[in-house]
Amino acid sequence: MSNVHLRLVSQTVYRNFVQNHWKFNRNFAFESNRRLLSNTSTANPTTGNAKSRVNIKTIAAVAVIPTAYMAYDYFRRKQEKINYKEPDIVTVDRVPNVPIDYKIVGLNDKTNLDLILFRCQTCPFCCKMIAYLNSKGLSYSVVSVDEPFERRVKWSHYKQVPCVLARTKDGKYIELTNSSVVISILAALTNDPEQNIEDLAKMYPKISYVKANGVKKHGIVNKYDLMYNGKLPKGVTLESIHEEFRWRDWADHQFVHMVYPNIYRTHAEALETYNWFSELGKWDQMYPSWMTYLMVHAGATYMFLISKRLKKRHHLWDDVRAQFYEVCNKWTDELDRLKTPFHGGKAPDLADLAVFGAMNSFVGCQTFTDLMNNTRIKPWFDAMKENAEKNRGTIVAAGVTL
């Protein structure tokens, strides 16, 4: 990708970032005006002079309050330092010497990427990656990083999961991180395999800025954007892309935030969850029994305490289980409104896969059982599971070293 092209992408991201703040301020002003005028229309002054005085005060309030807020917000944001950083395109000449759990070969996969996914079986974002790869019938290898010390990603620049290695056209491997960005990149490639994966990765620049209060913020603001290069998939419209974008964001920032405060809701549930982790990760085969016992009980206690902080950080209800029911029903309400089996219509879209993947991360926990029994989400989940199993490729290898 040329520097000019990358600069245009960065400028577009910056423009969207600024416009979103402007829309908020503008809507705030409009809503303030509407409420003030509405209050005025219901007033019943006894004299004409009183009515005039009320009108003058109302006009002054309408003019001054929103304008003062917008001026304050403008000068506050002038103090913020916004920087763009070109994505760190990390490449490796050869894949690390680690054992894989299994390899899937998709018979209709035309991307020729040789994907290697490093994942934890109980990570919502890792499960989202698995859900996407299976639903699209892509070929990939899986390396599980379920042990607490994550030794199998020590080689990584990112050193966290999910992490994906994808083969480039020159035979090297590019390291991709952030599950939403990886899915957006793969969605563009499955739609148009002629696109270059390195060029696509550069289209998701990282933004970082320091707020006026000194707090540092960073992220990839366009991670849900799909670079279709002017070639929309069959049946996809701009409206459906917008709705998919909106619900992908909801899945990552509302649905997923409910997971940990629920699966670690009580110490007993936290212990149940960690015992399930231990069983999935086969900790008893990797560590002495005393160490496994210590990791399960210490980890459960630690995450039980952390869940209380997460509950406060995300402003969740005291009864987080009841709130999770409400969140699930909000999703099924949207499906009822659309009158389709999936959010994507007759087939799942990326929003479906984001919610489905997150749910797969706690299928062995009491939380999952409660959601199945106390919400309307079960029929949709079962249909998603059937779709994933139908489209998934064939397992051709397991227990080998890359």
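To continue, consider the state of the cysteines. Scanning the model with the defined rule gives zero disulfides in all. No disulfide involves C126; its sulfur sits 3.3 Å from the nearest other cysteine sulfur, which is in C123. Among the residues examined, C126 registers a relative accessible area of 1% and is labelled buried. Free cysteine C163: the closest other cysteine sulfur is in C126, separated by 9.7 Å. Residue C163 is classed as buried on the basis of its relative accessible area of 0%.

Any space left empty among the atoms is revealed by the rolling of a water-sized probe across them. One pass over the structure, following the stated rule, counts two cavities of 30 Å³ or more. By volume, the largest cavity amounts to about 40 Å³. Counting residues per element, the ones that place at least two in the lining of the largest cavity are α4 (179–191), α6 (238–255) and α12 (350–360). Here the residues of the lining of the largest cavity sort into four nonpolar, one polar and three charged. For the second largest cavity, the full set of lining residues is P124, F125, K128, A251, D252, V256, A354 and A358. Sorting the residues of the lining of the second largest cavity by element identifies α3 (124–135), α6 and α12 as the ones contributing at least two each. Looking at the lining of the second largest cavity element by element, the count peaks at three residues for α3. Looking at the lining of the second largest cavity, its residues break down into six nonpolar, no polar and two charged.

Conventions adopted
- Residues numbered from 1 in each chain as written.
- Predicted model: local features only at pLDDT ≥ 70, side-chain atom pairs only at ≥ 80, totals over all residues.
- Heavy atoms only, no water.
- Disulfide = S-S within 2.5 Å.
- Buried < 20%, exposed > 50% of the residue type's maximum accessible area, 1.4 Å probe, protein only.
- 1 Å grid on protein atoms, 1.4 Å probe; cavity = no way out; pocket = protein on both sides within 12 Å on 5 of 7 lines; lining within 4 Å.
- Points joined across faces, edges and corners; volume = space filled by probe spheres on them.
- Helix = DSSP H or I, 4+ residues; strand = E, 2+ residues; numbered from the N terminus.
- Nonpolar A, V, L, I, M, F, W, Y, C, P; charged D, E, K, R; others polar.

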